[in-house]
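Now for the letters of each chain:
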Amino acid sequence: MRHLRILRIGATGEDVRCIQQALNEWGASIDEDGKYGKHTYDAVVEFQKKNKLQVDGEAGRDTRRALFP
């Protein structure tokens, strides 16, 4: 990802698609459509819980570091 922006509901684009792909590789089952909607939010929350991260449903620095080790 070129620059770090916090991804949250309403975000769109290739960065979101990358997050969705990584979430699916970690066991989620969501569409990789590049739209940060409820399903992506829910998958991020589950990922954060499983990895003992702050649970806010946003793909910020710490969540991305865990998704892309």
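Fair warning: this is a prediction, and the values are worked out from it, not measured in the lab. (Residues numbered from 1 in each chain as written. Predicted model: local features only at pLDDT ≥ 70, side-chain atom pairs only at ≥ 80, totals over all residues. Heavy atoms only, no water.)

Asker: So, the overall build of the chain: which residues are in play, and what are the values?
Answerer: When its secondary structure is counted, the chain shows 3 helices and 0 strands. Order of helices (α) and strands (β) in the chain, N terminus to C terminus: α-α-α. For the chain, the C-alpha radius of gyration of 10 Å lies close to 11 Å, the compact-globule estimate for 69 residues. C-alpha atoms of the chain, sized along the principal axes, occupy 25 × 25 × 20 Å. Burial statistics for the chain: of 69 residues in total, 35% are counted as buried. In the chain, the share of contacts with a sequence separation of at least 24, taken over all contacts with a separation of at least 6, comes to 34%. Working note: accessible area of the chain is about 4500 Å², and carbon and sulfur atoms make up 48% of it. Treating the 12 positive side-chain charges of the chain as one cloud and the 11 negative ones as another, the clouds have centres 4 Å apart. (Helix = DSSP H or I, 4+ residues; strand = E, 2+ residues; numbered from the N terminus. Rg over C-alpha atoms; globule rule 2.2 N^0.38 Å. Buried < 20%, exposed > 50% of the residue type's maximum accessible area, 1.4 Å probe, protein only. Contact = heavy atoms within 4.5 Å. Areas by Shrake-Rupley, 256 points an atom, 1.4 Å probe, with all protein chains shown as cover. Lys, Arg positive; Asp, Glu negative; His and termini not counted. Charge placed at Lys NZ, Arg CZ, Asp CG, Glu CD.)

Asker: Quick rundown of the nonpolar core? Include the residues and the values.
Answerer: Leu-7, Ile-19, Leu-23, Tyr-36 and Leu-67 are the most contacted members of the largest nonpolar core, which totals 14 residues. Those elements that provide at least two residues to this core are helix H1 (14-25), helix H2 (38-50) and helix H3 (61-67). Not counting the four nearest positions on each side in its chain, Leu-23 is found in contact with Ala-28, Ile-30, Thr-40, Ala-43, Val-44, Phe-47 and Leu-67. (Core = buried A, V, L, I, M, F, W, Y, C linked by side-chain atoms within 4.5 Å.)

Asker: An account of H2 is needed here, citing residue identities and associated values.
Answerer: Compared with an ideal rise of 1.5 Å per residue, which puts 13 residues at 18 Å, H2 spans 18 Å between its outermost C-alpha atoms and is within 8% of the ideal. For H2, the set of buried residues is Thr-40, Ala-43, Val-44, Val-45, Phe-47 and Gln-48. Buried residues along H2 sit in contact with H1 and H3. Positive phi appears at Lys-52, one or two residues downstream of H2, with a value of about 55°. (Expected span 1.5 Å × (residues − 1).)

Shape descriptors only; they carry no functional weight alone.
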